[in-house]
Amino acid sequence: MNTFENIRIVLVRTYHPGNIGSSIRAMKTMGLEQLVLVEPREFPSAEANKMASSAEDLLDDAVVVGTLLEAVHDCAMVVACTARPRTFDLPALEPEQAANQLFNAAKNGPVALVFGPERMGLHNDDIQLAHYRVSIPANPDYSSLNLASAVQILCYELRKQLNSALAAAPDVAGNPEADNSQLVLPNVGIRENFYEVLEEVLNDSGFVNQQHPGQLMLKVRRLFAKAQPDESEMNILRGALAAVQRKLK
Ligand code: SAH
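Just so it is clear, the model here is predicted, and its values are computed rather than measured. (Residues numbered from 1 in each chain as written. Predicted model: local features only at pLDDT ≥ 70, side-chain atom pairs only at ≥ 80, totals over all residues. Heavy atoms only, no water.)

Let's shift gears to the overall build of the protein chain. Assigned secondary structure in the protein chain consists of eleven helices and seven strands. What you see for the protein chain is a C-alpha radius of gyration of 19 Å, in line with the 18 Å of a compact globule of 249 residues. Projected onto its principal axes, the C-alpha coordinates of the protein chain cover approximately 60 × 40 × 35 Å. Here the protein chain holds 249 residues, and the buried ones make up 45% of them. Across the protein chain, contacts joining residues at least 24 apart in sequence account for 86% of those joining residues at least 6 apart. Put simply, the protein chain shows about 12700 Å² of open surface, and 51% of that area lies on carbon and sulfur atoms. (Helix = DSSP H or I, 4+ residues; strand = E, 2+ residues; numbered from the N terminus. Rg over C-alpha atoms; globule rule 2.2 N^0.38 Å. Buried < 20%, exposed > 50% of the residue type's maximum accessible area, 1.4 Å probe, protein only. Contact = heavy atoms within 4.5 Å. Areas by Shrake-Rupley, 256 points an atom, 1.4 Å probe, with all protein chains shown as cover.)

This paragraph deals with the domain arrangement of the protein chain. What the domain assignment reports for the protein chain is domain 1 (4-173) and domain 2 (188-248). Centre-to-centre separation of domain 1 and domain 2, based on C-alpha positions: 29 Å. Taken together, the contacts link 15 residues of domain 1 with ten residues of domain 2. Carbon and sulfur atoms supply 56% of the area that domain 1 and domain 2 bury against each other, a total of about 1000 Å² over both sides. (Domains from an automatic or database assignment. Buried area = accessible area lost by both parts, 1.4 Å probe.)

This part takes up a negative patch on the surface. On the surface, Glu5, Glu33, Glu56, Asp60 and Asp61 cluster together into a negatively charged patch. Here Glu56 lies in helix α4 (residues 56-59). Under the relative-accessibility criterion, Glu56 is labelled partly exposed at 37%. (Patch = residues over 30% accessible without salt bridge, like charges linked within 9 Å, V, L, I, M, F, W, Y side chains within 5 Å. Salt bridge = Lys/Arg side-chain N within 4 Å of Asp/Glu carboxyl O. Lys, Arg positive; Asp, Glu negative; His and termini not counted. Charge placed at Lys NZ, Arg CZ, Asp CG, Glu CD.)

Between two packed helices, what matters for the description is the angle formed by their axes and the separation of those axes. It is the contact of helix α6 (residues 95-105) with helix α8 (residues 147-168), at a shortest axis distance of 9 Å, that shows an interaxial angle of 55 degrees. In terms of their interaxial angle, α6 and α8 are classed as oblique. Considering the relative orientation of α6 and α8, their crossing is right-handed. Listed contacts from α8 to Pro95, Glu96, Ala99, Asn100, Leu102 and Phe103 of α6 are Leu154, Glu157, Leu158, Lys160, Gln161, Leu162 and Ala165. (Axes fitted to C-alpha atoms, helices over the stretch in contact; angles between N-to-C directions. Parallel < 35°, antiparallel > 145°, perpendicular 65-115°, else oblique. Left-handed = near helix turned anticlockwise from the far one by under 90°.)

Residue placement: Cys81 occurs in strand β4 (residues 77-81). A relative accessible area of 12% places Cys81 in the buried class. Residues Cys81 and Tyr132, spaced 51 residues apart in sequence, show a C-alpha to C-alpha distance of 8.8 Å. Sequence-distant contacts of Cys81, defined by excluding residues within four places in its chain, comprise Leu113, Val114, Phe115, Gly116, Leu122, Val134 and Leu154.

Here we take up the packing of aromatic side chains. Scanning all chains against the criterion turns up four aromatic pairs. Taking 6.3 Å as the distance between ring centres and 80 degrees as the angle between the ring planes, the aromatic pair formed by Phe4 and Phe103 counts as edge-to-face. Separated by 99 residues along the polypeptide, Phe4 in helix α1 (residues 2-5) and Phe103 in helix α6 bring together distant segments of the chain. Ring geometry for Tyr195 against Phe224: centres 6.1 Å apart, planes inclined by 65 degrees, an arrangement best described as edge-to-face. Residue Tyr195 is found in helix α9 (residues 188-204), and its partner Phe224 is found in helix α10 (residues 216-227); the two are separated by 29 residues along the sequence. Here the two residues Tyr195 and Phe224 agree in accessibility, since each one is buried. Through successive ring pairs, a cluster of aromatic residues spans Phe194, Tyr195 and Phe224. (Phe/Tyr/Trp six-rings, centres within 6.5 Å; stacked < 30°, edge-to-face > 60°.)

Across the chain, the bulk of peptide bonds are trans and the bulk of non-glycine residues have phi less than zero. The step from Phe43 to Pro44 runs through a cis peptide bond, and the omega angle for that step is -5 degrees. With respect to the helices, strands and loops of the structure, Pro44 is situated in the loop between β2 (34-38) and α3 (46-52). The phi torsion at Ser53 lies on the positive side, around 55 degrees, for a residue other than glycine. Looking at the element boundaries, Ser53 is found in the loop between α3 and α4. Unlike most non-glycine residues, Gln228 shows phi in positive territory, near 50 degrees. Topologically, Gln228 is positioned in the loop between α10 and α11 (231-248).

Before going further, it helps to examine α6. Where α6 is concerned, the buried positions are Pro95, Ala98, Ala99, Leu102, Phe103 and Ala105. Seen along its axis, α6 keeps its buried residues to an arc of 165 degrees; they face one direction. (Arc of directions from axis to C-beta.)

One way to put it is that α9 packs onto α11 with a least axis distance of 10 Å and a crossing angle of 30 degrees. Taken together, α9 and α11 sit at an angle that is classed as roughly parallel. The hand of the α9/α11 crossing is left-handed. Seen from α9, the contacting residues are Ile190, Arg191, Asn193, Phe194, Val197, Leu198, Glu200, Val201 and Asp204; seen from α11, they are Glu231, Met234, Leu237, Arg238, Leu241, Val244, Gln245 and Leu248. Considering only residue class, the contact of α9 with α11 consists of ten nonpolar, two polar and five charged. (Nonpolar A, V, L, I, M, F, W, Y, C, P; charged D, E, K, R; others polar.)

Written out as structure tokens, the structure is:
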């Protein structure tokens with residue numbers, strides 16, 4: 001179960017505490033336990049405990065943080081769940097593909113599956129931190145599921161990944177040492193630092209008109225989300241930027 005311990009379910013600005021309870025119950029039925037809450041409106045809450053039913057014990061271990069960046073800074077893979085495409089769009093995965101990518105990445109370290117608030121879903125600012133977007137294919141005229149139902153479906157997809165890994169190789173499933181052929185993606189903290197330095201260089205070099213920065217950084221982020229540089233490639237880019245910065249100073 002090592003791999004599952006690295007999979008974090010993140011609920012952003014949840015409005016109804018009952019949905020937090022139903023979500024932890026959905027998680028526990030599939031064997032997932034790591035819940036992180038970003039700015040929940042009300043938590044701890046009696047309503048959450050009631051809806052959690054026999055998964056109530058796990059609510060005590062839920063971690064509450066103030067920002068999504070805090071929740072995912074150490075994650076090498078972050079997948080954002082949205083009912084429909086957003087202005088800032090990312091490469092999209094089907095639920096099964098998303099679960100497969102997350103499960104494989106979780107062999108090496110923490111990963112996160114991020115769910116938005118009930119009314120509005122995730123902001124563009126939240127989605128920017130993710131590597132992929134996943135939408136559960138639903139009725140095109142009514143595609144927004146209840147938060148805990150969406151959590152249930154994605155957790156079930158993760159469970160299927162674990163079950164097939166166990167069936168294929170019961171001794172090695174979820175054992176990080178058994179499969180080190182994985183490419184190492186830079187975690188969110190490293191990527192955010194890279195974007196910060198890149199933005200500085202684009203400004204200091206005069207490439208960006210600071211009065212009219214436009215959508216440049218959004219587009220750059222989307223480019224890197226598609227390219228998926230690994231940690232060593234990102235180090236090369238980071239080194240190149242440092243050299244440009246030295247010249248500029
Ligand atoms: N009204 C919002 C949906 C909010 S539902 C909107 O249209 O975006 C609360 C959360 O459940 C969403 O932010 C998303 O994380 C998840 N969710 C709901 N329906 C989903 C779907 N079809 N696919 C993926 N995630 C979904």
